Amino acid sequence: MTRAIYPGSFDPVTNGHLDVIKRSAKIVDELIVGVLNNNLKSPLFNVDNRVKMLNEVVADIPNVKVMAFDGLLVDFAHQVDAQVIIRGLRAVTDFEYELQMSQTNMVLDDNIETLFLSTKLEYAYLNSSTVKEVASHGGDISRFVPDVVAKQIINKIEELKENKNE
């Protein structure tokens, strides 16, 4: 059985992420979406909220499981007995970074392979930072994220604005 990890911060999960998840789920027996809890960043949503949102948007994909992790990805792969890491590539700049990470992971454990999936053109421009930026200025994010996620982003941004004004 081939078990793979699709890791990321998913703050928030975008339609581009969801596309990679769906495509990956078709080529592996089990896909674990690994939600990174990175203490060095200040995410819009905490890791529990991100896991919850992802669980909602992948509920109809039977071989996908969502889990939070921190630390090295290779250690998480060992923990869940995954043999493959899946990464999405939007542009050449992504490739340079992802190749370096893949090579580092190969040095740490040469039994774990990295599989790169190119992003569909319709999502090539899309990233979580762009979604947050557009949403923070009241822009329409409905084409960027699933509806359930858009509502949560809008609510979170409104909550942050209210707290800032207090």
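Cut-offs used in this document
- Residues numbered from 1 in each chain as written.
- Predicted model: local features only at pLDDT ≥ 70, side-chain atom pairs only at ≥ 80, totals over all residues.
- Heavy atoms only, no water.
- Buried < 20%, exposed > 50% of the residue type's maximum accessible area, 1.4 Å probe, protein only.
- Helix = DSSP H or I, 4+ residues; strand = E, 2+ residues; numbered from the N terminus.
- Pairing = 2+ DSSP bridges.
- Right-handed = clockwise from strand over helix to strand, strands pointing away.
- 1 Å grid on protein atoms, 1.4 Å probe; cavity = no way out; pocket = protein on both sides within 12 Å on 5 of 7 lines; lining within 4 Å.
- Points joined across faces, edges and corners; volume = space filled by probe spheres on them.
- Nonpolar A, V, L, I, M, F, W, Y, C, P; charged D, E, K, R; others polar.
- Axes fitted to C-alpha atoms, helices over the stretch in contact; angles between N-to-C directions.
- Parallel < 35°, antiparallel > 145°, perpendicular 65-115°, else oblique.
- Left-handed = near helix turned anticlockwise from the far one by under 90°.
- Contact = heavy atoms within 4.5 Å.

Undergrad: Can you lay out the pairing of strand β1 (residues 3-8) for me, pointing to particular residues and giving the numbers?
TA: Among the six residues in β1, six count as buried, and that is most of the element. Relative to strand β2 (residues 30-36), β1 runs parallel, the two sharing six bridges. Bridged to R3 within β2 is E30. For the segment spanning β1, helix α1 (residues 15-25) and β2, crossover handedness is right-handed.

Undergrad: A description of the layout of surface pockets should follow, citing residues and the corresponding values.
TA: Looking at the largest pocket, its volume works out to about 1,100 Å³. Surrounding the largest pocket, 42 residues form its lining, P7, G8, S9, R87 and E98 being those nearest its centre. Among the elements of the structure, β1, α1, α3 (73-80), β4 (84-89), α4 (92-108) and α5 (128-136) are those that each provide at least two residues to the lining of the largest pocket. Residue contributions to the lining of the largest pocket peak at nine residues, all from α4. Looking at the lining of the largest pocket residue by residue, the class counts come to 16 nonpolar, 18 polar and eight charged.

Undergrad: So what about the packing of α5 against helix α6 (residues 147-165)? Which residues, and what values?
TA: Remark: α5 packs on α6, axes separated minimally by 10 Å, with the N-to-C direction vectors making an angle of 60°. Here α5 is positioned oblique relative to α6, judged by the angle of their axes. Of the two possible hands of crossing, α5 and α6 adopt the one that is right-handed. Here α5 contributes V131, K132, A135 and S136 to the contact with α6, which in turn contributes I153, I157 and K161. Per-class residue counts for the contact of α5 with α6 are four nonpolar, one polar and two charged.

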